[in-house]
Amino acid sequence: MSTHSHAHDDHHGHDHGDGASHGTFNSYLIGFILSVILTAIPFWLVMDGVLDSKVATAAWIMGLGVVQIVVHMVYFLHMNTKSEGGWNMLALIFTLVIVAIAIAGSLWVMYHLNTNMMPQMDHEMIRSFG
Amino acid sequence: MTMANTTASQTEAPVFYLKEEHHPQNGTMLGFWLYLMSDCLIFAILFATHGVLGRNYAAGPAPVDLFDLELVAINTSMLLFSSITYGFAMLAMEKGSIKGTQTWLAITGLFGIAFVGLELYEFHHLWYIGATPMRSGFLSSFYTLVATHGLHVTFGIIWLVTLMVQVAKRGLIVENKRRLMCLSLFWHFLDVIWIGVFSVVYLLGVLG
């Protein structure tokens, strides 16, 4: 009985693509190895000061971070366009749009707010006024 | 009268073109995914706050003075190891092995505890040298973002222990499998957030 219901569940899950995790040993291992590499490179760039340009280092950190997030999404969270009939992906895209607006918008607005503040009110200025 | 009756019965029997067979058996996994997306928004706001306040040192210590990247690298590897060991727990679960599931869950939990422990050690050290949340805008946003993530991991560990007790008592029944799948999403999601934390807060912070 229990064997039967177990087999039925598995069958059921596969049929409907519930967004359940159906990873294999190899897919987890590939994801893990890619993650280790993608983590090690940015740490190495910063700790050993490999690149002279700070902007280039920052770009590499952010770029590799985005790639690693995609790797985790695919190999660990088993995201694909078909899970839950596409609703998972739709919710993810919607969330990413909101995240992009919130983060980019905050940085943009606050950066301009800072640069448009009239005098540079740092400590030296305050002292020279006094 | 007859006319009216006919119209009424016609409107009462609408035809819905629903295809029931395309609905998943239950909405738990989708619902949990939506929860994770809302959690993602919380972290997005905290990242945005840190992006705005992250350079406001108030003549206090900057990331390069405070952060020990070797410690952060060890911490990151703890979380990465816990991700693959949770994956192995799920594989054991799909095979129907209670012992395998429990063993891998326990190892995952230990990695999680190591992660939280190292983070608390770091916080304690920072606090000890005077880098408290009250010191500057940078430290306020740093503690809020990193501690929110740490708190998530802590609750993940509590959840994991709860599920280990459930599996020990009831075995790998359908309900427990569903719960383990939810925790799987939660755990891997926290690892994704940590990628953002170590990239933006620690590495970009130390870079200056």
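Residues numbered from 1 in each chain as written. Chains lettered and ligands numbered in written order. Predicted model: local features only at pLDDT ≥ 70, side-chain atom pairs only at ≥ 80, totals over all residues. Heavy atoms only, no water.

Chain A is annotated in an unreviewed UniProt entry as Cytochrome bo(3) ubiquinol oxidase subunit 4 of Thalassospira xianhensis MCCC 1A02616. Check the Subcellular location (unreviewed entry) section of the UniProt entry for chain A; it says "Cell membrane". You can read under Function (unreviewed entry) in the UniProt record for chain A the words "Cytochrome bo(3) ubiquinol terminal oxidase is the component of the aerobic respiratory chain of E.coli that predominates when cells are grown at high aeration. Has proton pump activity across the membrane in addition to electron transfer, pumping 2 protons/electron." (UniProt positions renumbered as here; feature names shortened; annotations may be inferred.)

Peer 1: Before we move on, can you summarise the overall build of chain B with the specific residues and values?
Peer 2: Broken down by element type, chain B carries seven helices and zero strands. Listing every helix and strand of chain B by position from the N terminus yields α-α-α-α-α-α-α. Per-residue burial for chain B yields a buried fraction of 51% across its 208 residues. Considering only intrachain contacts with a sequence separation of at least 6, the fraction spanning at least 24 residues in chain B is 81%. Accessible area of chain B: about 10,000 Å², with a carbon and sulfur share of 67%. (Helix = DSSP H or I, 4+ residues; strand = E, 2+ residues; numbered from the N terminus. Buried < 20%, exposed > 50% of the residue type's maximum accessible area, 1.4 Å probe, protein only. Contact = heavy atoms within 4.5 Å. Areas by Shrake-Rupley, 256 points an atom, 1.4 Å probe, with all protein chains shown as cover.)

Peer 1: Please set out the interface of chain B and chain A residue by residue, giving values where relevant.
Peer 2: Tallying the contact residues gives 48 residues for chain B and 48 residues for chain A. Note on chain B versus chain A: buried area summed over both sides is about 4,300 Å², and carbon and sulfur give 78% of it. The interface formed by chain B and chain A contains zero salt bridges. If you list the elements that add at least two residues to the side of chain B that touches chain A, you get α2 (28-53), α4 (69-95) and α7 (174-207) of chain B. With 16 residues, the single largest contributor to the side of chain B that touches chain A is α7 of chain B. Split by residue class, the side of chain B that touches chain A holds 34 nonpolar, nine polar and five charged. (Buried area = accessible area lost by both parts, 1.4 Å probe. Salt bridge = Lys/Arg side-chain N within 4 Å of Asp/Glu carboxyl O. Nonpolar A, V, L, I, M, F, W, Y, C, P; charged D, E, K, R; others polar.)

Peer 1: Give me the lowdown on the packing of helix α5 (residues 98-128) of chain B against helix α6 (residues 137-170) of chain B, citing residues and values where you can.
Peer 2: Residue and element names in this part refer to chain B. Close contact between α5 and α6 brings their axes to 10 Å; oriented N to C, the two are set at 155°. It follows from the interaxial angle that α5 and α6 lie roughly antiparallel. Judged by the sense of rotation from one axis to the other, the crossing of α5 with α6 is left-handed. (Axes fitted to C-alpha atoms, helices over the stretch in contact; angles between N-to-C directions. Parallel < 35°, antiparallel > 145°, perpendicular 65-115°, else oblique. Left-handed = near helix turned anticlockwise from the far one by under 90°.)

Peer 1: So what's going on with the nonpolar core? Which residues, and what values?
Peer 2: One finds Trp33, Phe67, Phe142, Leu180, Trp194 and Tyr202 of chain B to be the most contacted residues of the largest nonpolar core, which totals 76 residues. Top element by residues in this core is α7 of chain B. It accounts for 21 residues. Domain assignment of the residues forming this core places at least three in each of domain 1 (25-77) and domain 2 (83-117) of chain A. Setting aside anything within four residues of it in sequence, one finds tryptophan 33 of chain B in contact with Met73, Leu77, Met79, Asn88, Ala91 and Leu92 of chain A together with Leu185 of chain B. (Core = buried A, V, L, I, M, F, W, Y, C linked by side-chain atoms within 4.5 Å. Domains from an automatic or database assignment.)

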